[in-house]
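Reading the structure
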Amino acid sequence: MAQRLLLRRFLASVISRKPPQGRWAPLTCRALQCSPGHLTATPTQARSIYTTRVCTTTFNIQDGPDFQDRVVNSETPVVVDFHAQWCGPCKILGPRLEKVVAKQHGKVVMAKVDIDDHTDLALEYEVSAVPTVLAIKNGDVVDKFVGIKDEDQLEAFLKKLIG
């Protein structure tokens, strides 16, 4: 147990460091030698372990004030996906839409609203069928579609939103 804790702390310190500039290669998993009672690390020339920050472009709406803060008051254009867990077409459109939004590299973000959890938002934005996708820019709905679209149509929809 103590060895695992020590190993976890060691790896966290190695991973959190910036890439080395000197003559030593970064420490890697193969550089750790474990034996009962001993944990040693030796520098080796092997693959590096580096981490990058993940940029989240898709988020789930929690409640009305969350929608107001993250969608209506957003400076970035927002695509709002009104969906339901039981909706077959929603399960197809959701991942497809997330993929196309991720390709925009932060120029647009995507909010997901479950209509069963947030019926008030669905009524406010006149969602009568799912999936319904709204394009919101500066707090105003600028475009909308209902149903499934292919990737080319989704990219055209986003390009029109981004401008």
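Residues numbered from 1 in each chain as written. Predicted model: local features only at pLDDT ≥ 70, side-chain atom pairs only at ≥ 80, totals over all residues. Heavy atoms only, no water.

Moving on: the state of the cysteines. With the rule as written, the count across this model stands at 1 disulfide. Paired through a disulfide, Cys87 and Cys90 show a sulfur-sulfur distance of 2.4 Å. With the S-S dihedral at roughly 80°, the linkage between Cys87 and Cys90 falls on the right-handed side. Each member of the pair, Cys87 as well as Cys90, is classed as buried. (Disulfide = S-S within 2.5 Å. Buried < 20%, exposed > 50% of the residue type's maximum accessible area, 1.4 Å probe, protein only.)

To continue, consider the environment of Asp81. Note that Asp81 resides in strand β4 (residues 78-83). Among the residues examined, Asp81 registers a relative accessible area of 2% and is labelled buried. C-alpha of Asp81 to C-alpha of Phe145: the two residues are 64 residues apart in sequence and 10.0 Å apart in space. Excluding residues within four positions of it along the chain, Asp81 makes contact with Gly94, Leu97, Met110, Ala111, Lys112, Val113, Pro131, Thr132 and Val133. (Helix = DSSP H or I, 4+ residues; strand = E, 2+ residues; numbered from the N terminus. Contact = heavy atoms within 4.5 Å.)

A separate point is the sheet that holds strand β7 (residues 140-146). Ordered by their spatial adjacency, 5 strands build an open sheet running β3-β5-β4-β6-β7, and the pairing between neighbours is mixed. Here the strands that pair on one side only, and so sit at the sheet edges, are β3 (58-60) and β7. Taken pair by pair, the neighbouring strands of this sheet meet at an average axis angle of 25°, ignoring direction. The sheet contact formed by strand β6 (residues 132-137) and β7 spans 6 bridges and is antiparallel. When the bridges of β7 are listed, Ile136 appears paired with Val141. (Pairing = 2+ DSSP bridges. Axes fitted to C-alpha atoms, helices over the stretch in contact; angles between N-to-C directions.)

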